[in-house]
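Coordinate analysis (summary)
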Amino acid sequence: DAGVIQSPRHEVTEMGQEVTLRCKPISGHDYLFWYRQTMMRGLELLIYFNNNVPIDDSGMPEDRFSAKMPNASFSTLKIQPSEPRDSAVYFCASSFQAELAKNIQYFGAGTRLSVL
Amino acid sequence: GQNIDQPTEMTATEGAIVQINCTYQTSGFNGLFWYQQHAGEAPTFLSYNVLDGLEEKGRFSSFLSRSKGYSYLLLKELQMKDSASYLCAHHSSGGYNKLIFGAGTRLAVHP
């Protein structure tokens, strides 16, 4: 399997622009997670889906952020409008709950976002 | 609360042994994970402990004491490629699916 695939790898945009990050989870996985990583705050969970349904979006910072999962093989994280403080590395991860407690998450390579 | 504490940075010498500690507080414990993250790359799974004791996997071992809220990752025969951040994480008290990550320990291995 190719693993979790994210695009783009790097995104540079200007403040106020819309940004869309994309993720293809590992085939067969039923959980998908969006994380944000910064030096100051570390790795933070933004939202996660189970069988394409959003389960917990309590980590989404504000209304400018939205996430969708229209099918089992694709998810997007959108920021509109973007602000310089959104600059971070955004990771997507997926997992399969074969073993209830273990639930290992596999991460994509991340999207490095710079908002100028 | 769901707090995780681990040292910010550590240094060690190639060939040596290093122990990275992690203490945590959670109202509902469901397992402790260690992930490795090389600079500019994604976190990758290293180990999982749900019962007390030591789990050995090659050069890496992970220990857990649930009563003390304590875990450590032991790296033996250090290699330069082990220079990375090591993230301790546990399930959220709300369920198995959500992981809470520590800030990570940045390990530098020197010749």
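Scroll up a little and you will see the structure.
Here's what I pulled together on the structure shown here. Since the model is a prediction, treat every value here as computed from it, not as a measurement. (Residues numbered from 1 in each chain as written. Chains lettered and ligands numbered in written order. Predicted model: local features only at pLDDT ≥ 70, side-chain atom pairs only at ≥ 80, totals over all residues. Heavy atoms only, no water.)

Our next topic: the overall build of chain A. Counting its secondary structure elements, chain A contains zero helices and eleven strands. Secondary structure elements in chain A, listed N-terminal to C-terminal, are β-β-β-β-β-β-β-β-β-β-β. Taken over C-alpha atoms, the radius of gyration comes to 14 Å for chain A, in line with the 13 Å a tight globule of 116 residues would show. The C-alpha extent of chain A, read off along each of the three principal axes, is 40 × 30 × 30 Å. (Helix = DSSP H or I, 4+ residues; strand = E, 2+ residues; numbered from the N terminus. Rg over C-alpha atoms; globule rule 2.2 N^0.38 Å.)

Next up on the list: the pairing of strand E5 (residues 42–50) of chain A. All names here are of chain A. Within E5, nine of the nine residues are buried, leaving the element largely enclosed by the surrounding structure. In this structure, strand E4 (residues 31–38) lies alongside E5, joined through eight bridges in antiparallel fashion. Note that in E5 the partner of Leu-32 across the bridge is Phe-49. Counting the residues in the hairpin turn of E4 and E5 gives three residues. Relative to strand E6 (residues 53–56), E5 runs antiparallel, the two sharing three bridges. Each residue of the ladder has a partner; that of Tyr-48, found in E6, is Asp-56. (Buried < 20%, exposed > 50% of the residue type's maximum accessible area, 1.4 Å probe, protein only. Pairing = 2+ DSSP bridges.)

This brings us to the side chain of Gln-105 of chain A. Looking at the element boundaries, Gln-105 of chain A is found in the loop between strand E9 (88–95) and strand E10 (106–107). Within the structure, Gln-105 of chain A has its side chain in polar contact with the side chain of Tyr-35 of chain A (distance 2.6 Å). (Polar contact = N/O pair within 3.5 Å; in protein donor to acceptor, adjacent residues only side chain to side chain.)

Across all of its chains, the model carries two disulfides over all chains by this definition. Each sulfur in the disulfide pair Cys-23 of chain A and Cys-92 of chain A lies 1.9 Å from the other. Disulfide Cys-23 of chain A to Cys-92 of chain A: torsion about the S-S bond roughly -70 degrees, handedness left-handed. Here Cys-23 of chain A, found in strand E3 (residues 19–24), pairs with Cys-92 of chain A, found in strand E9; they are 69 residues apart in sequence, far enough to count as distant. Two residues, Cys-22 of chain B and Cys-88 of chain B, share a disulfide whose sulfurs are 1.9 Å apart. (Disulfide = S-S within 2.5 Å.)

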